[in-house]
Amino acid sequence: MTKQELRNSVREQLRECSPEELSRQSEAICEWLLRHPRVMVADTVVAYWCLHDEPDLSNAIDALCKQGKRVLLPCVTSDTEMVLRQYDGPTSMRTGAFGIQEPIGEEADIDSLNNDSTVILVPGVAFDNNGNRLGRGKGYYDRFLQNAGRPHTIGICFDLQIVGEVPYGEHDIPVDELVKVAIDNCQKLTNNNLFGNGKNNNPYIP
Ligand SMILES: Nc1nc2c(c(=O)[nH]1)N(C=O)[C@@H](CNc1ccc(C(=O)N[C@@H](CCC(=O)O)C(=O)O)cc1)CN2
Ligand SMILES: Nc1ncnc2c1ncn2[C@@H]1O[C@H](COP(=O)(O)OP(=O)(O)OP(=O)(O)O)[C@@H](O)[C@H]1O
């Protein structure tokens, strides 16, 4: 299956899901994140403000912000680039490119992310169990992650977006870990979804 065929197939399945089920999963993901050991000790969490077909992280974002953590969100600045700005609460947002809500706060220095105290939550259209990620097809995250050093990355998606195999190329950067929350057994799955410390799941990445 090509990347585009997989995108279309996953989107079709998401359209068939009930909004109630998806919002239950969003809540379970937020709770899972707030209990995640790396997130709990992080001082910086790079999250995303959801598009209509992505898990809604806003409850986790607000909770992390209230805990005093630095929460950063992407802002699209050109056809290829995005930067991160600090989230300072729901009233400090504006509508950016692609209709995505983005903070008006201070732009973060990308060099400040290259450490053990940063966790990056990466959205995706599909992921496979090796951490390979299919994005929206513009390469924003691949370029950004390439420049962000090596902080811990967690792929975030709904259950049905974890697929057998995601086709990947030389630019694609796999995530270190995948959220995998089944409503009835999130506890059981929490320790079962790490790919180890290796950042080299993808043989194309040196
Ligand atoms: N929440 C969120 N923010 C994010 C991303 C993301 O995946 N999720 N990005 C990750 O890269 C960047 C934005 N990337 C985007 C890439 C393509 C389209 C896009 O093609 N939008 C179509 C809508 C149709 C569709 O995708 O079905 C459009 O506007 O025509 C939107 C955002 C930065 N911010
Ligand atoms: N690090 C990079 N440097 C230059 N070009 C890149 C890089 N990463 C991706 N690209 C280019 O961006 C385009 C989209 O790549 P791809 O289909 O892998 O995006 P994606 O991972 O699905 O999207 P996204 O990261 O925005 O969610 C391709 O033409 C690819 O060659």
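Residues numbered from 1 in each chain as written. Chains lettered and ligands numbered in written order. Predicted model: local features only at pLDDT ≥ 70, side-chain atom pairs only at ≥ 80, totals over all residues.

### Quick notes on the sheet that holds strand 6 (residues 118-123)
Strand order in the open sheet formed by six strands is 3-2-1-6-9-11, with mixed pairing between adjacent strands. One side of each edge strand has no neighbouring strand; the edge strands of this open sheet are strand 3 (82-86) and strand 11 (177-178). Here five bridges tie strand 6 to strand 9 (residues 152-156), and the two strands are oriented parallel to one another. Each residue of the ladder has a partner; that of V122, found in strand 9, is G155. (Pairing = 2+ DSSP bridges. Helix = DSSP H or I, 4+ residues; strand = E, 2+ residues; numbered from the N terminus.)

### Some remarks on the site of ligand 1
Around ligand 1, the surrounding shell holds 16 residues, and the nearest of these are Y48, P74, F98, R136 and Y140. When contributions to the shell around ligand 1 are tallied by element, the ones reaching two or more residues are strand 2 (70-76) and helix 5 (140-147). Broken down by class, the residue content of the shell around ligand 1 amounts to twelve nonpolar, one polar and three charged. (Near = placed C-beta within 6 Å. Nonpolar A, V, L, I, M, F, W, Y, C, P; charged D, E, K, R; others polar.)

### Notes on the site of ligand 2
Around ligand 2 sit 14 residues in total, of which G135, G139, Y141, D142 and H171 are the nearest. Ranked by residue count, the leading element in the shell around ligand 2 is helix 5, at five residues. Residues belonging to the shell around ligand 2 are distributed by class as follows: three nonpolar, five polar and six charged.

### Concerning the pairing of strand 6
Counted residue by residue, strand 6 has six buried out of six residues, so it is predominantly covered. The two faces of strand 6 match: T118, I120 and V122 on one face and V119, L121 and P123 on the other face are all buried. (Buried ≥ 20, exposed ≤ 12 C-beta atoms within 10 Å, placed from the backbone.)

### Observations concerning the environment of T80
With respect to the element layout, T80 can be found in the loop between strand 2 and strand 3. Separated by 59 residues in the primary sequence, T80 and G139 have C-alpha atoms spaced 7.0 Å apart. Ignoring sequence-local partners within four residues, the contact set of T80 consists of G139 and R143. (Contact = placed C-beta atoms within 7 Å.)

### Side note on the nonpolar core
Among the nonpolar cores identified, the biggest contains 48 residues, and V45, V46, A47 and L121 are the most heavily contacted of them. Setting aside anything within four residues of it in sequence, one finds V45 in contact with V39, L64, K69, V71, V119 and L121. (Core = buried A, V, L, I, M, F, W, Y, C linked by C-beta atoms within 7 Å.)

### Side note on the sheet that holds strand 7 (residues 126-128)
Read across the sheet, three strands follow the order 8-7-10 without closing on themselves; strand pairing throughout is mixed. Single-partner strands in this sheet number two, and they are strand 8 (133-134) and strand 10 (162-163). Inspection of the sheet shows strand 7 paired to strand 10 by two bridges, in the parallel sense. When the sheet's bridge partners are listed, F127 is paired in strand 10 with I162.

### A closer look at the pairing of strand 3
Both strand 2 and strand 3 contribute to a ladder of five bridges, which runs antiparallel. Considered in strand 3, the bridge of C75 is made with V83. Count of turn residues in the strand 2/strand 3 antiparallel hairpin: five residues.

In short, the description is geometric, and any link to function would need to be established separately.
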